[in-house]
Structure formats: C-alpha cells, structure tokens
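# What the coordinates show
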Amino acid sequence: MSARVVIAGNWKMNMTPSQARQFISELTPMVAGKDKCDIVLCVPYVDIPAAVEAAKGTNIRIGAENVHFEDKGAFTGEVSCAMLKEVGAEYVIIGHSERRQYFGETDETVNLRTKAALAAGFKVLLCLGEVKEQRLAGITDEVVSMQTKLDLAGISAEEMKNVIITYEPVWAIGTGLTATPEQADETCGVIRATVASLYGEEVAEALTIQYGGSMNDKNAAELLAKANVNGGLIGGASLIPEKFTAIVDAANA
Ligand code: PEP
C-alpha cells in the first residue's frame, strides 16, 4: 500500500476564532474536490470549535497543535485528549520543534503524548528533525533515526496506521531556508528505513512522511515529487489561502 499524501497547516499562535471561520470559508471553494491528498488545518485550541463548525461538510479536517498525556488534573495550561475530542479535533501535532525548543518537550514527553493521542483515536503528526549543528556535523541520519525510535517506543504496528511522521529540519522552520528536495527525500528515506526496521516493510511503505520547513507555493511541487515525501506541514504559507491552495494543487497534480 502506498502512503496517502497529507497537506497540513500549522497555524501556530495566529488567528482568532472569527479569523479562523473567515479563512476556512475562503479556503473551502479553493480546495473543493482536490482529493488526491488529505487537507488538515492544525489551529490554536480556542479556534477549534469555530474551525470544526466552518469545515463541516468540506474536505478540510481540523487538528490541534499539541495535547497532554494525562486524562485530567493539576497541569495548568494543558489540554487533554477528551477535551479535544469533544470539540471535534481529529488530528494533533506532537513534538513540534517549537515545543521542544521553547517548552521543554523531550522525546520522552513526545512519546507519552503520542501514545495518549493514539489511544484516544487521534491521527498524530509526529514532528522530528535535526538542528543546524547536527546537520553540519554530519549526524542527521543518526539523530532522526534515534528520535524515530524514542518517539515511537511502545506504539504498535496497528497504531502506526494513525501516525504521520513529519520530518522538519529545525534550521528550515520559519527561516525561509528549505531543505533541497534531495535532502528532504534522503532524510525521509532514513526515517522510513528506521520504521521498516521497527515494524517491517509493509508498515513503512504505508506510512505518510511529510516534509516541513519553509514549504511554500514555489517549492512544494519539487519537494512533493520526491518518492519519500508524502506531503507537507506548512507554517507561514498556511496562513494565506492562495499559497496553501497552491500547495494542495501541487499535491493534486
Ligand atoms: C512549521 O511550523 O511546522 C513550519 C514548517 O513552519 P514554516 O512553514 O513557516 O517554516
């Protein structure tokens, strides 16, 4: 089985609920019927109800940008799987580099969050990738392979059906620097080989591996043409309907 292409937006800390509603009403006709990929918008928690309502009956699915691993309790500022389920989120980003960099997330907490989200029935966009110093030191393959193993620890082959791995070289996120299509393909290939070593070829081939890091309307087609790149997680360009649609178009070409 070949991997399904998934084009996902990561809005980060942008857009209010009314702006989310407006954005989705603009985007809906622009992406209607473009069904060679799944289309997902991961939005701030407070935007989720408005986004779910606006996306009802469309081919746009809504996700969150993180979730906590505990069911409930004294975790000020965090949100549980049950809370996200009740407001209609279907996807969740876990392990984004901004969470790792600014909010102390580790492979251990990423793994705990991923396991909880899968148990609750979410599709998980599991983000990993090397920092600039690691790429320059020539250890990218080791880094992504180790992250893949640590972040997926204890996750079954059956649960892998709901996992999307998002390869994001940290040096390319929000910087305007993009990995070359060859670099993206090669490192996504390393991740796929690592998954094959853990779960076998069939699971690895069916796994969606996205690229993320300054993907935009100009470079998407080249990146998405690579065999190991099955979609993208898009930050900046997901805030502009025309640019996000151009990426969806590239995935539908
Ligand atoms: C991201 O937030 O995951 C991302 C890839 O951002 P950008 O597209 O802005 O680099």
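Coordinates for the structure precede this section.
The structure contained in this document is the topic of the report that follows. (Residues numbered from 1 in each chain as written. Predicted model: local features only at pLDDT ≥ 70, side-chain atom pairs only at ≥ 80, totals over all residues. Heavy atoms only, no water.)

Let's shift gears to the packing of aromatic side chains. Applying the stated criterion across every chain, the model contains 3 aromatic pairs. Note on W11 and F23: the rings are 5.0 Å apart at their centroids and 80° apart in plane angle, and the pair reads as edge-to-face. Of this pair, W11 sits in the loop between β1 (5-10) and α1 (17-31) while F23 sits in helix α1, placing them 12 residues apart in sequence. Per residue, the accessibility class of W11 equals that of F23, and both read buried. Summarising the aromatic geometry, the rings of Y102 and F103 are spaced 6.5 Å apart at their centres and angled 85° between planes, so their arrangement reads as edge-to-face. Its relative accessible area of 56% is what places Y102 among the exposed residues. The ring of F122 has K85 lying over it, and the distance from NZ or CZ to the ring centre is 4.8 Å. In this structure, R99 packs its charged tip against the face of F103, placed 4.1 Å from the ring centre. (Phe/Tyr/Trp six-rings, centres within 6.5 Å; stacked < 30°, edge-to-face > 60°. Helix = DSSP H or I, 4+ residues; strand = E, 2+ residues; numbered from the N terminus. Buried < 20%, exposed > 50% of the residue type's maximum accessible area, 1.4 Å probe, protein only. Lys NZ or Arg CZ within 6 Å of the ring centre and 35° of its normal.)

Where charged atoms of side chains with opposite charge meet at close range, the side chains can pair. Within the structure shown, the criterion is met by 14 salt bridges. In this structure, R99 and E105 form a salt bridge, with 3.7 Å as the shortest nitrogen-oxygen distance. Assessed through its relative accessible area of 7%, E105 is described here as buried. For R135, the salt bridge is made with E130, and the minimal N-O distance between the two is 2.7 Å. Overall, the relative accessible area of 22% leaves R135 in the partly exposed class. (Salt bridge = Lys/Arg side-chain N within 4 Å of Asp/Glu carboxyl O.)

Looking now at the pairing of strand β4 (residues 91-94). Of the two faces of β4, both are covered, the one formed by Y91 and I93 as well as the one formed by V92 and I94. For strand β3 (residues 60-64) and β4, the ladder comprises 2 bridges, and the chain directions are parallel. Each residue of the ladder has a partner; that of G63, found in β4, is Y91. Note that the unit made of β3, helix α3 (residues 81-86) and β4 has a crossover that is right-handed. Pairing of β4 with strand β5 (residues 123-128) involves 4 bridges; the strand directions are parallel. Considered in β5, the bridge of Y91 is made with K123. (Pairing = 2+ DSSP bridges. Right-handed = clockwise from strand over helix to strand, strands pointing away.)

Moving on, we get to helix α7 (residues 140-151). For α7, built from 12 residues, the straight-helix expectation of 16 Å at 1.5 Å per residue is met to within 8% by its first-to-last C-alpha distance of 16 Å. Those residues of α7 that fall on the buried side of the exposure criterion are T140, V143, V144, S145, Q147, T148 and D151. Elements that come into contact with the buried residues of α7 comprise α4 (97-102), α5 (107-119), β5, α6 (132-136), β6 (163-167) and α8 (181-199). (Expected span 1.5 Å × (residues − 1). Contact = heavy atoms within 4.5 Å.)

The next subject is the site of the ligand. What surrounds the ligand is a group of 14 residues, the closest being K12, E168, G174, S214 and G235. Within the side chain of N10, a nitrogen or oxygen atom sits 3.1 Å from an oxygen atom of the ligand. In this structure, H96 approaches the ligand through a side-chain N or O atom, which is 2.9 Å from an oxygen atom. When isolated, the ligand has an accessible area of 290 Å², and the protein chains bury 95% of it. (Near = heavy atom within 4 Å. Polar contact = N/O pair within 3.5 Å; in protein donor to acceptor, adjacent residues only side chain to side chain. Areas by Shrake-Rupley, 256 points an atom, 1.4 Å probe, with all protein chains shown as cover.)

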